[in-house]
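A structural walkthrough
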Amino acid sequence: MANGSVRVRFCPSPTGNPHVGLVRTALFNWAFARHTGGTFVFRIEDTDAARDSEESYEQLLDSLRWLGFTWDEGPEVGGPHAPYRQSQRMETYTEIARKLQDAGHAYHCYCTASELEERRDAARAAGRPSGYDGKCREVTPEQKARYEAEGREPIVRFRMPDETITFTDLVRGELTFTPENVPDYGIVRANGAPLYTLVNPVDDALMEITHVLRGEDLLSSTPRQIALYKALIDLGVAKEIPSFGHLPYVMGEGNKKLSKRDPQSSLNLYRERGFLPEGLLNYLSLLGWSLSADKDIFTIEEMVAAFDVADVNPNPARFDLKKAEAINADHIRMLSVTDFTERCAPWLKAPFAPWAPEDFDEAKWQAVAPHAQTRLKVLSEITDNVDFLFLPEPVEDEASWQKAMKEGSDALLRTAREKLESADWTSAESLKEAVLAAGEAHGLKLGKAQAPVRVAVTGRTVGLPLFESLEILGKEKTLARIDAALAKLAA
Ligand code: GLU
Ligand code: ZN
């Protein structure tokens, strides 16, 4: 599809921290807009004062920027339909709610919560549909006067047309909803506050949205919104009903829907662990879409070039952290070394880095970075991988020590020290020969021989390539650490 008039929107509510499902929705909308040369509208649905927060609003903006999504209309950038925060558009909603009532598309409902509940239970017991029964569709002036005398405060309810609603979902194909399954619904609270059910389609209409791409959890609101849209067209507020496409559920652990409260779903977690935005987006794009059967790793530009909603798979997508990390690792390797070293910067400082700032050595960092780049899954792993270079002593990791320091390790370490003493310290290859020779002297293969050396020098059984690490750390420190390990073994 190449159509300059595509207008999509990303319209989160600023509650809590952004989560990966939300990011996937933003990504698909953004990619669709960029693919079609359309417009990406960013709107803030902050009509729920009790739950919305300014902090969360700031986080949303910050998250979109970090992910690299630019918006064509929205907060801070403005646009022809400003303001883009619903909390600043309240008069518009009040006015439209009144017009809907004047035209008979909506009405006052005086039912109390307990009355509704009673009738719902009775309907259920009788096996009838349990949604709102339309009681207040026709309220006589006498009833109205009585309700008001009783002090009842009405909500505004939208009158669903008594007809079947069919639409072609861009992802799921043709869907049909019968009237008994879509009862009249509230659009304005008793206190006058407009609800999501009203403000979301009203803004989609006013902002001339052409495609609504959102999570499957919102599918049940679509027939209501289509009916409301028709009423808005009748009022001259809307021009055309947009197309709808519902993105598949994202499943987490145990094949349960990944919930907003699930720690695994928090975007901040991925940022803090050092996911690259491009790695995370690559992974999230695979939750319901693929570039081709044999290509999992691609750039955002490649995605934009290929993306079409029609290719989204309706089946639930499984969130797989291991796969996300593997994809991120590939993106780390795709960076230039300079870019990589710059992106690691936050993890080489407090509060992540355990070394004193003055002990950080830029030359050593530059030397070790290329070796680290090929090994990290997430950037936060950099700290543990290079701390042996900047801490005065290697970290003490008891489990690593127990694992590597076996019977005979002291003899091996003594021989290794001797061979390393006379090795060529400008060549990692020469250091390897030295440890290899020490191993041979004790009947050990390289892998077994290098383990105690690695733990003596770095404190850990796993890490960057050992001989390059030793070369960068330098002869003096390496030998001193082997001596310290020998002393510890002797004690
Ligand atoms: N504010 C709504 C939400 O975050 C938007 C839903 C939609 O895309 O229509 O759930
Ligand atoms: Zn009622």
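All right, on to the coordination of the zinc ion (ligand 2) then. Six octahedrally arranged donors around a metal ideally form angles of 90 or 180 degrees; four tetrahedrally arranged donors ideally form angles of 109.5 degrees. Every protein donor of the zinc ion (ligand 2) is accounted for by Cys-109 (SG), Cys-111 (SG), Tyr-132 (OH) and Cys-136 (SG), and the metal-donor separations fall at 2.1 to 2.3 Å. Along the chain, the residues donating to the zinc ion (ligand 2) fall in the pattern C-x1-C-x20-Y-x3-C. Highlighted residues: Cys-111 in the loop between β3 (106–109) and α4 (113–125) and Tyr-132 in the loop between α4 and α5 (141–149), separated in sequence by 21 residues. Of the two residues, Cys-111 and Tyr-132, neither departs from the other in class, the shared state being buried.

Turning our eyes to something else, we now look at the side chain of Thr-458. Note on placement: Thr-458 falls in helix α18 (residues 446–458). Polar side-chain contacts of Thr-458 include one of 3.2 Å to the backbone nitrogen of Arg-460. Excluding residues that lie within four positions of it along the chain, Thr-458 makes contacts with Phe-388, Pro-394 and Val-395.

Below, the discussion takes up the site of ligand 1. Lining the immediate surroundings of ligand 1 are Arg-9, Cys-11, Pro-12, Ser-13, Glu-45, Tyr-196, Asn-200, Arg-214 and Leu-218. At 3.2 Å from a nitrogen atom of ligand 1 is found a side-chain nitrogen or oxygen belonging to Ser-13. Contact distances for ligand 1 include 3.0 Å between an oxygen atom and a side-chain N or O atom of Asn-200. When ligand 1 sits alone it has 300 Å² of accessible area, and the protein chains cover 80% of it. By residue class, the composition of the shell around ligand 1 is four nonpolar, two polar and three charged.

The next point concerns the environment of Glu-174. Within the fold, Glu-174 resides in strand β6 (residues 173–177). Residues in contact with Glu-174, not counting those within four places in the same chain, are Thr-166, Phe-167 and Thr-168.

Reading guide: rules and limits
- Residues numbered from 1 in each chain as written.
- Chains lettered and ligands numbered in written order.
- Predicted model: local features only at pLDDT ≥ 70, side-chain atom pairs only at ≥ 80, totals over all residues.
- Heavy atoms only, no water.
- Donors = N, O, S within 2.8 Å, 3.2 Å for Na, K, Ca; no water.
- Helix = DSSP H or I, 4+ residues; strand = E, 2+ residues; numbered from the N terminus.
- Buried < 20%, exposed > 50% of the residue type's maximum accessible area, 1.4 Å probe, protein only.
- Polar contact = N/O pair within 3.5 Å; in protein donor to acceptor, adjacent residues only side chain to side chain.
- Contact = heavy atoms within 4.5 Å.
- Near = heavy atom within 4 Å.
- Areas by Shrake-Rupley, 256 points an atom, 1.4 Å probe, with all protein chains shown as cover.
- Nonpolar A, V, L, I, M, F, W, Y, C, P; charged D, E, K, R; others polar.

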